[in-house]
Amino acid sequence: MFFAATMIGLGVLGLVQRDFPPIWTGVYQSLPARAVLVYLCALISLATGVGMLVQRTALVAARALFIYLLAWLVVFRIPHVFAAPTVEATWWECGDTSVMAAAAWLLYSDRRLHTARALYGLGLLPFGVAHFVYLKETVVDVPAWLPWHVAWAYLTGGAFIAAGAAVLIGRYARLAAALSAWMMGLFTLLVWVPVVVTGPSAFQWAEFVNSWSLTAAAWVVADSYRGMPVTAPL
């Protein structure tokens, strides 16, 4: 329900702002009919979110969302990696879409769960790398009341990488998925909610929406391990 409500929120946000919410970015300004794609993404988000709240249509809605996210990854994310492979932001964007797609996959199917979870694990890796590449920016985002800002930036970056690796190799994967979901949720609560309350910039608002969306997706992935031993393989 939380993931579905998040997709509804993204759809409404796209319609109100008349622009791509964070998970649908990556479209070149010069692309023909770009404005049409903005509304298509908003409607897909809205329709699949509503569909996932209704038991009769939940599986179809989640499948449609997964297909759309996968297409977005192939058409608008991966080409940026080939065009600028040394720019970490392009890998981060792939990670965003991979995490969202993994959640949609796990909601519509109980087959090839290891592949869906691997998609999530791969998505976490660039999140961790970004904390090291953009260390200065990450340190600024650490709440002022916490000591040792640089240490927190390193710790959370390493935690993302460790969680991604654990999910990929299947050792402590359930624990890694749960802790990564908690970490994203705490980022949203401790870093971005206070910023939103005090008046965010456009960039900070996008980061809040992105963090919220990834938290919802991570929760779905973590919940898919329910009932499995902590050290269970993928």
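Reading the values: rules and limits
- Residues numbered from 1 in each chain as written.
- Predicted model: local features only at pLDDT ≥ 70, side-chain atom pairs only at ≥ 80, totals over all residues.
- Heavy atoms only, no water.
- Helix = DSSP H or I, 4+ residues; strand = E, 2+ residues; numbered from the N terminus.
- Rg over C-alpha atoms; globule rule 2.2 N^0.38 Å.
- Buried < 20%, exposed > 50% of the residue type's maximum accessible area, 1.4 Å probe, protein only.
- Contact = heavy atoms within 4.5 Å.
- Areas by Shrake-Rupley, 256 points an atom, 1.4 Å probe, with all protein chains shown as cover.
- 1 Å grid on protein atoms, 1.4 Å probe; cavity = no way out; pocket = protein on both sides within 12 Å on 5 of 7 lines; lining within 4 Å.
- Points joined across faces, edges and corners; volume = space filled by probe spheres on them.
- Nonpolar A, V, L, I, M, F, W, Y, C, P; charged D, E, K, R; others polar.
- Disulfide = S-S within 2.5 Å.
- Salt bridge = Lys/Arg side-chain N within 4 Å of Asp/Glu carboxyl O.
- Core = buried A, V, L, I, M, F, W, Y, C linked by side-chain atoms within 4.5 Å.
- Phe/Tyr/Trp six-rings, centres within 6.5 Å; stacked < 30°, edge-to-face > 60°.
- Lys NZ or Arg CZ within 6 Å of the ring centre and 35° of its normal.
- Axes fitted to C-alpha atoms, helices over the stretch in contact; angles between N-to-C directions.
- Left-handed = near helix turned anticlockwise from the far one by under 90°.

Trainee: Requested: an account of the overall build of the chain, with residues and values cited.
Mentor: Of regular secondary structure, the chain possesses nine helices and zero strands. In the chain, the succession of α and β elements from N to C terminus is α-α-α-α-α-α-α-α-α. Taken over the C-alpha trace, the chain has a radius of gyration of 17 Å; the compact-globule value for 234 residues is 17 Å, and the two agree within 12%. Seen through its principal axes, the chain has C-alpha atoms that stretch 45 × 40 × 35 Å. Going through the 234 residues of the chain one by one, you find that 46% of them count as buried. Counted over contacts in the chain with a minimum sequence separation of 6, partners at least 24 positions apart contribute 70%. As displayed, the chain has an accessible area near 11900 Å², and 72% of this comes from carbon and sulfur atoms.

Trainee: Report on the layout of surface pockets, specifying residues and quantitative values.
Mentor: Taken as a whole, the second largest pocket holds about 360 Å³ of empty space. For the second largest pocket, the lining is made up of 16 residues, of which M1, F2, F3, L107 and V220 are closest to its centre. Of all the secondary-structure elements, those providing two or more residues to the lining of the second largest pocket are α1 (2-17), α3 (58-83), α4 (88-108) and α9 (202-223). Broken down by element, the residue count for the lining of the second largest pocket peaks at four residues, all from α9. Here the lining of the second largest pocket is composed, by residue class, of 14 nonpolar, one polar and one charged.

Trainee: Explain unusual backbone geometry residue by residue, including any values.
Mentor: At R18, a residue that is not glycine, the phi angle is positive and equals roughly 55°. Tracing the backbone shows R18 in the loop between α1 and α2 (34-52). For R18, a relative accessible area of 62% gives the class exposed.

Trainee: Outline the state of the cysteines, listing residues and values.
Mentor: Each disulfide is one covalent bond, formed between the sulfur atoms of two cysteines. Across all of its chains, the model carries zero disulfides by this definition. Of the cysteine sulfurs around C41, a residue in no disulfide, the closest is that of C94, at 16 Å. For C41, a relative accessible area of 0% corresponds to the buried category.

Trainee: If you had to explain the pattern of salt bridges to someone new, which residues and values would you point to?
Mentor: For the structure on display, the rule yields two salt bridges. Across the salt bridge formed by R226 and D223, the nearest N and O atoms sit 2.4 Å from each other. By relative accessible area, which is 64% here, R226 ends up exposed.

Trainee: I'd love a proper account of the nonpolar core, names of residues and values included.
Mentor: Counting residues in each nonpolar core, the largest one holds 58 residues, and the members touching the most others are F3, M7, W24, W72 and Y120. At the level of secondary structure, the elements contributing two or more residues to this core comprise α1, α2, α3, α4, α5 (113-133), α7 (149-169), α8 (173-198) and α9. With residues up to four places along the chain from it excluded, the contact list for F3 reads M52, L65, M100, A103, A104, L107, A216, A217 and V220.

Trainee: So, the packing of aromatic side chains: which residues are in play, and what are the values?
Mentor: Enumeration over the complete set of coordinates arrives at 15 aromatic pairs. Judged by centre distance (5.5 Å) and plane angle (40°), the rings of F2 and W212 are tilted. Here F2 is found in helix α1, whereas its partner W212 is found in helix α9, with 210 residues between them in sequence. Judged by its relative accessible area of 30%, F2 falls in the partly exposed class. Feature note: the residues F2, W205, F208, W212 and W219 constitute an aromatic cluster, connected by ring pairs. Taking the ring centre of Y225 as reference, the NZ or CZ of R117 above it sits at 4.2 Å.

Trainee: Can you lay out the packing of α7 against α8 for me, pointing to particular residues and giving the numbers?
Mentor: Interhelical geometry of α7 versus α8 gives an angle of 145° and a closest axis separation of 8 Å. When you trace α7 past α8, the crossing you get is left-handed. Between α7, through T156, A159, F160, A163, A166 and V167, and α8, the contact on the second element is made entirely by A173, A176, A177, S180, M183, M184 and F187.

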